[in-house]
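# Residue-level structural notes
Read off the chains here:
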Amino acid sequence: MFAPKSAMAALALIPALAISASATAQPQTPGMQNLGEIDVLVAATMGAEVGQPGGARALVDRRLKLKACPVALEITGPDMGAAAVRCPTLGWRIRVPLDLAAEPAQASASRPPLQRGAAGLGQEGIKRGEPILLTVERPSFSLSRVMIADKDGRVGEVIPVRDEPRGKPIFVRIIEPGRATILGN
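Everything numeric here is computed off the predicted structure, so don't read it as measured data. (Residues numbered from 1 in each chain as written. Predicted model: local features only at pLDDT ≥ 70, side-chain atom pairs only at ≥ 80, totals over all residues. Heavy atoms only, no water.)

Across a sheet, strands are paired by hydrogen bonds formed along the backbone, either parallel or antiparallel in direction. Taken in spatial order, the 5 strands close into a barrel running 4-5-6-7-8, and their pairing is mixed. Direction aside, neighbouring strands of the sheet carry axes that sit 55° apart on average. Relative to strand 8 (residues 179-182), strand 7 (residues 170-176) runs antiparallel, the two being bridged by 4 bridges. Directly across from Arg173, in strand 8, lies its bridge partner Thr181. (Pairing = 2+ DSSP bridges. Helix = DSSP H or I, 4+ residues; strand = E, 2+ residues; numbered from the N terminus. Axes fitted to C-alpha atoms, helices over the stretch in contact; angles between N-to-C directions.)

In structure tokens, the structure reads:
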């Protein structure tokens, strides 16, 4: 009867050990970049979650150790099958592989037609505090960056956005829910 009691006691300890091991497996080291934040920003920028067509193939490798970026991260892409995540002040950059196999067909099917002017007003747009993808497209280049909306806005309206809480606001026009462009585009 001694063996079953000790076996039961050992089984009772297994969940406690698993919980403490999972809690300490990925500690957030002070001064290191939060990799979960990168996953969220890539998903917001690409418009698809991890593992979905158009989104990242997998989460950013948790073994990666990057110094915490003091300003907003810049995310560009897709370019050569990946999104580029960069810290402009510290100079580090990583590439996050994307699942682009079904992305072109899905993007055209799921994206509503772009409406400008008065006809576009009244559609949903963005809420204050939500991330919004700011894009500038020219014949020879394209830039994109995730910003934070300073106020609510609908498609066609002009709202202020910032890249960091104390940053200078930039005024942008909402071109579709979750996307904006610089005035004059």
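Let us keep going from here.
It is worth spelling out the nonpolar core at this point. Counting 20 residues, the largest nonpolar core has Ile38, Val42, Leu73, Val85 and Trp92 as the members making the most contacts within it. For this core, the elements supplying multiple residues, two or more each, are helix 2 (35-46), strand 2 (82-86) and strand 3 (93-97). Setting aside residues up to four positions removed in sequence, Leu73 forms contacts with Gln33, Ile38, Leu41, Val85, Arg86, Cys87, Trp92 and Arg145. If you look at the next biggest cluster of nonpolar residues, it comprises 11 residues, including Ala149, Ile159, Val161 and Ala180. (Core = buried A, V, L, I, M, F, W, Y, C linked by side-chain atoms within 4.5 Å. Buried < 20%, exposed > 50% of the residue type's maximum accessible area, 1.4 Å probe, protein only. Contact = heavy atoms within 4.5 Å.)

On to the state of the cysteines, then. One pass over the structure, following the stated rule, counts 1 disulfide. Disulfide pairing is shown between Cys69 and Cys87; the S-S distance is 2.1 Å. Linking Cys69 and Cys87, the disulfide has an S-S dihedral of approximately 85° and is accordingly described as right-handed. Of this pair, Cys69 sits in the loop between helix 2 and strand 1 (74-79) while Cys87 sits in the loop between strand 2 and strand 3, and the two are 18 residues apart along the sequence. In this structure Cys69 comes out as buried when scored by relative accessible area, which is 14%. (Disulfide = S-S within 2.5 Å.)

The next point concerns the sheet that holds strand 2. Reading across from one edge, 1-2-3 is the order of the 3 strands in this open sheet, with antiparallel pairing throughout. The two strands at the open ends of the sheet, each matched to only one other strand, are strand 1 and strand 3. Each strand axis lies, on average, 20° off the axis of its neighbour in the sheet, ignoring direction. Pairing of strand 1 with strand 2 involves 4 bridges; the strand directions are antiparallel. Among the inter-strand pairings, Ile75 is bridged to a residue of strand 2, identified as Val85. Where helix 2 meets the sheet, its contacts fall on strand 1, strand 2 and strand 3, and the angle it forms with strand 1 comes to roughly 55°.

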